[in-house]
Amino acid sequence: FLRMGDLQDRERTAAEGAINFFFTAHDVLASSTTWCLHLLARHPEVQERVSDDGELDLAIRESLRLFPGYALFGRTLQDDVEIGEYQGRKGTIVIVSPFVIHRMERHWEKPLAFDPERWRGVDAVVGPAARGQYLPFGSGARGCIASHLAFPLMKTIVRAITKAGRITVADRREPPIRYWGTAYAEGGLPVEWHPR
C-alpha cells in the first residue's frame, strides 16, 4: 500500500488528487444529487419548472447552497496569516464550513429557505475558483477537482428523473443530519416517485 510519506511533494500532490477524484468524488456527487432531489420533492412548484434548463441551474445552485458538496474542510496554514481579528500561525489547521457559511443571515436573506430565485441573474462560480460566501465544493488549489463534472452530472441525473416522473415526500419534517465527509440524512431521504 502506498504511503503518502514515501512520495516527493509533486508526486504527493498528484496522488492526493487521484485519491480525491476516484474515492470521494462519487460520494459528493451522490450526496449532492440526493439532497437536490429531496428539496425538489419538498417543493413541487420548483420541481415543475426544472424542465427548463435555466430553472434547473437555479435549483441546483440553491440545493448546493443548503447542502454543499463538502459540509466542512480543513486547511493547514503554510505561512502566518491574519484572519479577521485572529492571527493564524503557520502549521495551524483552519476548518471552514460551507454548510454554516451558506446558512448565515449576514450572507443570505432567509438563509434556511430553499429559494432558487435568489440565483436569478447571479453569476456564481461552482468549483475551485469559488470565492466569498458560496463554496459548495471548497475553494482554491485544494478545492474539489471533480466539481467541474459534478454540476453537469447533477443536471443530467435530476433532469432525467424529473422528466420521467414526479417525486414527492410524505414526511415534511427536516431530516436529522449526520456528517461523514459530506452531509447525510440520518435514516436516508425517502421520496416517492410517480411516473408521468
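Provided above is the structure to which this section pertains.
From a predicted model like this one, the values you see are computed outputs, not experimental measurements.

**Topic: the layout of surface pockets**
(1) Moving on: Considering only enclosed or pocket space, the second largest pocket measures out at about 230 Å³ in volume.
(2) Moving on: Asp-171, Arg-173, Pro-175, Gly-188 and Pro-190 are the residues nearest the centre of the second largest pocket, which is lined by 16 residues in total.
(3) Moving on: Looking at the lining of the second largest pocket, its residues break down into seven nonpolar, four polar and five charged.

**What about the nonpolar core?**
(1) Moving on: Core analysis: the biggest nonpolar cluster contains 34 residues, and Leu-40, Ile-60, Leu-64 and Phe-114 have the highest contact counts within it.
(2) Moving on: Elements with a contribution of two residues or more to this core: α1 (9-42), α3 (53-66), α5 (147-164) and β7 (182-185).
(3) Moving on: Here this core gets eight residues from one element, more than from any other, and that element is α1.
(4) Moving on: Sequence-distant contacts of Phe-114, defined by excluding residues within four places in its chain, comprise Leu-39, Leu-40, His-43, Val-46, Ala-59, Glu-62, Ser-63 and Leu-66.

**Side note on the pattern of salt bridges**
(1) Moving on: Under the counting rule described, the total for this entry stands at 12 salt bridges.
(2) Moving on: Between Arg-42 and Glu-174 there is a salt bridge, with its nearest N and O atoms 3.1 Å apart. One end of the pair, Arg-42, is in helix α1; the other, Glu-174, is in the loop between β5 (165-168) and β6 (177-180), and 132 residues separate them in sequence.
(3) Moving on: The class for Arg-42 is buried, based on a relative accessible area of 9%.
(4) Moving on: For Glu-174, a relative accessible area of 59% corresponds to the exposed category.
(5) Moving on: For Asp-53, the salt bridge identified is with Arg-159, shortest N-O distance 2.4 Å. Here Asp-53, found in helix α3, pairs with Arg-159, found in helix α5; they are 106 residues apart in sequence, far enough to count as distant.
(6) Moving on: Salt bridges linked by common partners bring Arg-49, Glu-55, Glu-117 and Arg-120 together as one network.

**A closer look at a nonpolar patch on the surface**
(1) Moving on: On the surface, a nonpolar cluster with roughly 390 Å² of combined accessible area is contributed by Leu-72, Ile-93, Ile-95 and Tyr-179.
(2) Moving on: Mapped onto the fold, Tyr-179 is located in strand β6.
(3) Moving on: Among the residues examined, Tyr-179 registers a relative accessible area of 41% and is labelled partly exposed.

**A few points about the packing of aromatic side chains**
(1) Moving on: Tallied over the full model, the rule gives five aromatic pairs.
(2) Moving on: Here Trp-108 and Trp-119 contribute two aromatic rings whose centre-to-centre distance is 5.6 Å and whose plane-to-plane angle is 55 degrees, an arrangement assigned as tilted. Highlighted residues: Trp-108 in the loop between α4 (98-101) and α5 and Trp-119 in the loop between α4 and α5, separated in sequence by 11 residues.
(3) Moving on: Above the plane of the ring of Trp-108 lies Arg-65, whose end atom (NZ or CZ) is 5.2 Å from the centre.
(4) Moving on: The ring of Phe-67 has Arg-103 lying over it, and the distance from NZ or CZ to the ring centre is 5.1 Å.

**Some thoughts on α3**
(1) Moving on: With 14 residues, α3 extends 20 Å between its outermost C-alpha atoms, agreeing within 8% with the 20 Å of an ideal straight helix rising 1.5 Å per residue.
(2) Moving on: By the criterion of burial, α3 is predominantly enclosed, with 11 of the 14 residues buried.

**Describing the packing of α3 against α5**
(1) Moving on: Following both chains from N to C, one finds α3 and α5 inclined at 115 degrees, their axes separated by 10 Å at the closest point. One element, α3, and the other, α5, form an angle in the roughly perpendicular class. Remark: the crossing between α3 and α5 carries right-handed chirality. Between α3 and α5, the residues in contact are Asp-53, Leu-56, Asp-57, Ile-60, Arg-61, Ser-63 and Leu-64 and Phe-151, Met-154, Lys-155, Val-158 and Arg-159, respectively.
(2) Moving on: Within the contact of α3 with α5, the residues separate by chemical class into six nonpolar, one polar and five charged.

Rules behind the numbers
- Residues numbered from 1 in each chain as written.
- Predicted model: local features only at pLDDT ≥ 70, side-chain atom pairs only at ≥ 80, totals over all residues.
- Heavy atoms only, no water.
- 1 Å grid on protein atoms, 1.4 Å probe; cavity = no way out; pocket = protein on both sides within 12 Å on 5 of 7 lines; lining within 4 Å.
- Points joined across faces, edges and corners; volume = space filled by probe spheres on them.
- Nonpolar A, V, L, I, M, F, W, Y, C, P; charged D, E, K, R; others polar.
- Core = buried A, V, L, I, M, F, W, Y, C linked by side-chain atoms within 4.5 Å.
- Buried < 20%, exposed > 50% of the residue type's maximum accessible area, 1.4 Å probe, protein only.
- Helix = DSSP H or I, 4+ residues; strand = E, 2+ residues; numbered from the N terminus.
- Contact = heavy atoms within 4.5 Å.
- Salt bridge = Lys/Arg side-chain N within 4 Å of Asp/Glu carboxyl O.
- Patch = residues over 30% accessible without salt bridge, like charges linked within 9 Å, V, L, I, M, F, W, Y side chains within 5 Å.
- Areas by Shrake-Rupley, 256 points an atom, 1.4 Å probe, with all protein chains shown as cover.
- Phe/Tyr/Trp six-rings, centres within 6.5 Å; stacked < 30°, edge-to-face > 60°.
- Lys NZ or Arg CZ within 6 Å of the ring centre and 35° of its normal.
- Expected span 1.5 Å × (residues − 1).
- Axes fitted to C-alpha atoms, helices over the stretch in contact; angles between N-to-C directions.
- Parallel < 35°, antiparallel > 145°, perpendicular 65-115°, else oblique.
- Left-handed = near helix turned anticlockwise from the far one by under 90°.

These results come straight from atomic positions and should not be treated as a statement about function.
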